[in-house]
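Given next are the chains, with one letter for each unit.
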Amino acid sequence: MLIYKDGVYETNSFETKSGDIYTLSVTVDGVEYKAVSQMPESVPLSGLKQTTVYNGYEDDTGIVPVFKDPQMAGNYYLFKSHINSSNKIGYTVFSDYSDNGEVNKKPIKTGYLMKSDTVVVKMMCIDAPVYNYLKALPNVTLDTLGESVTPTNPPSNFSNGALGYFSAHTSSFDGIIIQ
């Protein structure tokens, strides 16, 4: 059973398996919207590392998720970061195009960090259509103004022109306190 909350349908009532293909079908006013997502292999998040990053103006505090990308090419990741249990979420997507099979060294977007902040990061292994949607999303919106650039839509994995995406993904979490 799917539960709808804050624009997201979720369930935890069935077990999933890497490599399996999952389908979501929704019918609204007689129109069927269908999406397919393949569950990727799980890549464990083995930790978080505090680092210094240049934000375009000055050095800033950043977070690097520590994980080893598998040798097989075509791995995609979504990171969601929360600072001090706030409602603000930092989103970052990675692919293994430039660092296949390597230990990650790239920082994620978290927002401004201060000493003693607690940062919780959720790492999700996602499939290529979800990655393509999330990678294109900033290019079709004006993030700072909340306005949409028309008539472009990101490449959704839903049929019949529906916006959004359906994702069968793995998840792992870790947290760090900024020093």
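In this text the structure is predicted, and so the values were computed from the model without any measurement. (Residues numbered from 1 in each chain as written. Predicted model: local features only at pLDDT ≥ 70, side-chain atom pairs only at ≥ 80, totals over all residues. Heavy atoms only, no water.)

1. Looking at a nonpolar patch on the surface
Together, Leu2, Tyr4 and Tyr9 make up a nonpolar patch on the protein surface, roughly 360 Å² of accessible area in all. The topology assignment puts tyrosine 4 in strand β1 (residues 3-5). (Patch = residues over 30% accessible without salt bridge, like charges linked within 9 Å, V, L, I, M, F, W, Y side chains within 5 Å. Areas by Shrake-Rupley, 256 points an atom, 1.4 Å probe, with all protein chains shown as cover. Salt bridge = Lys/Arg side-chain N within 4 Å of Asp/Glu carboxyl O. Helix = DSSP H or I, 4+ residues; strand = E, 2+ residues; numbered from the N terminus.)

2. A closer look at the nonpolar core
Membership of the largest hydrophobic core comes to 17 residues, with the highest contact counts inside it found for Ile63, Phe67, Tyr77, Phe79, Val119 and Met123. Where this core is concerned, the elements lending two or more residues are β7 (76-83) and β9 (118-126). With 4 residues, β9 is the single largest residue contributor to this core. When sequence neighbours within four positions are dropped, the list of residues in contact with tyrosine 77 reads Val43, Phe67, Asp69, Pro70, Thr92, Val93, Phe94, Met123, Met124, Cys125 and Ile126. (Core = buried A, V, L, I, M, F, W, Y, C linked by side-chain atoms within 4.5 Å. Buried < 20%, exposed > 50% of the residue type's maximum accessible area, 1.4 Å probe, protein only. Contact = heavy atoms within 4.5 Å.)

3. With respect to unusual backbone geometry
Notably, aspartate 6 is not glycine yet its phi reads approximately 55°, a positive angle. Within the element layout of this structure, aspartate 6 appears in the loop between β1 and β2 (8-10).

4. Some words on helix α1 (residues 128-136)
All buried positions along α1 are accounted for by Val130, Tyr131, Tyr133, Leu134 and Ala136. Looking at the buried positions of α1, the neighbouring elements they touch are β4 (31-38), β7, β8 (89-95) and β9.

5. Comments concerning the environment of glycine 164
On the secondary structure map, glycine 164 appears in the loop between β11 (147-148) and β12 (170-177). For glycine 164, a relative accessible area of 18% corresponds to the buried category. A sequence separation of 10 residues divides glycine 164 from proline 154, and the C-alpha atoms of the two residues are 8.3 Å apart. Beyond its immediate sequence surroundings of up to four residues, glycine 164 is in contact with Tyr133, Ser156, Asn157 and Phe158.

6. Here's the deal with the sheet that holds β12
Strand order in the open sheet formed by 4 strands is β8-β7-β9-β12, and the pairing between neighbours is antiparallel. The open sheet has two edge strands with one neighbour each: β8 and β12. Between one strand axis and the next, the sheet turns by 20° as a mean value, whatever way the strands run. Across 8 bridges, the pairing between β7 and β9 is antiparallel. By the bridge assignment, lysine 80 is partnered in β9 with lysine 122. Against the sheet, α1 touches β7, β8 and β9, its axis set at about 125° to β8. (Pairing = 2+ DSSP bridges. Axes fitted to C-alpha atoms, helices over the stretch in contact; angles between N-to-C directions.)

7. What about the packing of aromatic side chains?
Note on aromatic pairs: each is described by the distance of the centres and the angle between the planes. Within the structure shown, the criterion is met by 8 aromatic pairs. Where phenylalanine 67 meets phenylalanine 79, the ring centres are 5.9 Å apart and the plane angle is 35°; that geometry is what we call tilted. With phenylalanine 67 in the loop between β6 (59-66) and β7 and phenylalanine 79 in strand β7, this residue pair connects regions lying 12 residues apart in the sequence. Summarising the burial analysis for this pair, phenylalanine 67 and phenylalanine 79 share the class buried. Judged by centre distance (6.5 Å) and plane angle (80°), the ring pair of tyrosine 97 and tyrosine 131 falls under edge-to-face. Of the two residues, tyrosine 97 is situated in the loop between β8 and β9 and tyrosine 131 in helix α1; the sequence distance between them amounts to 34 residues. (Phe/Tyr/Trp six-rings, centres within 6.5 Å; stacked < 30°, edge-to-face > 60°.)

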